[in-house]
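Chains, contacts and geometry: an overview
The chain contents come next:
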Amino acid sequence: MIKFHRNIIISMRPKQWVKNSFVFAALVFSQNLFNVDNLLITTWGFLLFCALSGTVYIINDIFDIEKDRLHPAKARRPIASGALSIRAAIFWSLLVASLSLLISFLLSIKFGTVALIYWVLNLLYSVILKKIVIIDVMSIAFGFLLRAIAGAVIIDVQISSWLILCTILIALFLGFCKRRQELSIYKEEAASHREILVEYSQTFIDQMIAVVTASTLIAYSFYTMSPEVMEKLGTTHLNFTIPFVLYGIFRYLYLVLHKGVGDNPTRLVLEDKPLLLNILLWGIVVVIILYLI
């Protein structure tokens, strides 16, 4: 029996699990946040996606082991450093993934199907999709979209086309910002960090960022002012959240373009106090508008 130890958890990168909070989007915007049953089952969905995404990180580290050993920071990861054997990593990642998918299908056939598609998509990303220009960033965006869809199907609500559009656009925004900073930080050594970076240029990525930035702001604004959404949610006040989205995107661009950070979006969001406070205030205002007004 291969023993479980802390390096398995470390390799699953718990700090990245905050991305799975997209699972809660449908719960909040369908006005089911205070429905105890829906909240509990969505929390289960969140935990299952944390487990699945963690196993993908392990598998990705196995594929990138030789490249990671040449990287000053990644060389300290358990698999690259040898602290976690490849045999143990494969065993536990497949076991956790199998159990997570089994539980997902037991909760809901639709949820299990979305979870399986998410896991397969991420495996394909680790093997081949991350080597195809533009498709690499789009694959990441669809990963976020599948999280949002999973949150809708697990509580059996119809997912809004606006939620789909806004999720894809914000994920593309984060993805292209990440690629830009990787190019900026590693420069001539960018290819050794991530092979696909040789296909990108800073000028091209800046154009893509400009496109998705404008698209995200327009899509979210139209969402909040859509007559269909106003009628469905029973409020005309969701447009008051637009300033928070504006500030959040502008703050993120400021940190990427002026401060030179953004190669790790999760760390940036969690460590930048103004950005984190803005997200919390946006969430509070959304809840007040949807549930108390």
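Refer to the structure printed above.
First, a word on scope: everything that follows refers to the structure included in this document. Everything numeric in this text was worked out from a predicted model, so none of it was measured. (Residues numbered from 1 in each chain as written. Predicted model: local features only at pLDDT ≥ 70, side-chain atom pairs only at ≥ 80, totals over all residues. Heavy atoms only, no water.)

Description of the pattern of salt bridges
- The full count for this structure, using the stated rule, is 9 salt bridges.
- Residue K130 pairs with D64 through a salt bridge whose shortest N-O separation is 2.9 Å. On the criterion of sequence distance, the pair formed by K130 in the loop between α7 (109-127) and α8 (135-154) and D64 in the loop between α3 (36-63) and α4 (65-68) is long-range, its members being 66 residues apart. There is no split in this pair, since K130 and D64 are both buried.
- D136 is paired through a salt bridge with R179; the nearest N and O atoms lie 2.8 Å apart. Here the residue D136 occupies a position in helix α8, and R179 occupies one in helix α9 (residues 161-186), the gap between them amounting to 43 residues. In this structure, D136 and R179 share a single accessibility class: buried. (Salt bridge = Lys/Arg side-chain N within 4 Å of Asp/Glu carboxyl O. Helix = DSSP H or I, 4+ residues; strand = E, 2+ residues; numbered from the N terminus. Buried < 20%, exposed > 50% of the residue type's maximum accessible area, 1.4 Å probe, protein only.)

Let's talk about the environment of R77
- Note that R77 resides in the loop between α4 and α5 (78-81).
- For the pair R77 and D61, spaced 16 residues apart in the sequence, the C-alpha separation amounts to 8.4 Å.
- The contact partners of R77, leaving out residues within four places of it in the chain, are R13, D61 and D68. (Contact = heavy atoms within 4.5 Å.)

A few points about the packing of helix α11 (residues 202-225) against helix α13 (residues 242-257)
- At their nearest, the axes of α11 and α13 sit 10 Å apart, and the two run at 170° to each other. In this view, α11 runs roughly antiparallel relative to α13, as classed from their interaxial angle. The interaxial crossing formed by α11 with α13 has right-handed handedness. Listed contacts from α13 to D206, I209, T213, T216, L217, Y220, S221, T224 and M225 of α11 are I242, V245, L246, I249, F250, L253 and L257.
- Of the residues contributing to the contact of α11 with α13, the split by class is 11 nonpolar, 4 polar and 1 charged. (Axes fitted to C-alpha atoms, helices over the stretch in contact; angles between N-to-C directions. Parallel < 35°, antiparallel > 145°, perpendicular 65-115°, else oblique. Left-handed = near helix turned anticlockwise from the far one by under 90°. Nonpolar A, V, L, I, M, F, W, Y, C, P; charged D, E, K, R; others polar.)

Concerning helix α15 (residues 273-292)
- If you check α15, its first and last C-alpha atoms are 27 Å apart, about what 20 residues at 1.5 Å a residue would give, namely 28 Å.
- Residues L275, N278, V286, I289, L290 and Y291 constitute the buried set of α15.
- Buried residues along α15 sit against α2 (25-29), α12 (227-233), α13 and α14 (265-271).
- N-capping of α15 is provided by D272, with a side-chain oxygen placed 3.0 Å from the backbone N of L275. (Expected span 1.5 Å × (residues − 1). Polar contact = N/O pair within 3.5 Å; in protein donor to acceptor, adjacent residues only side chain to side chain.)

Remember, this is a structural readout, not a statement about activity or role.
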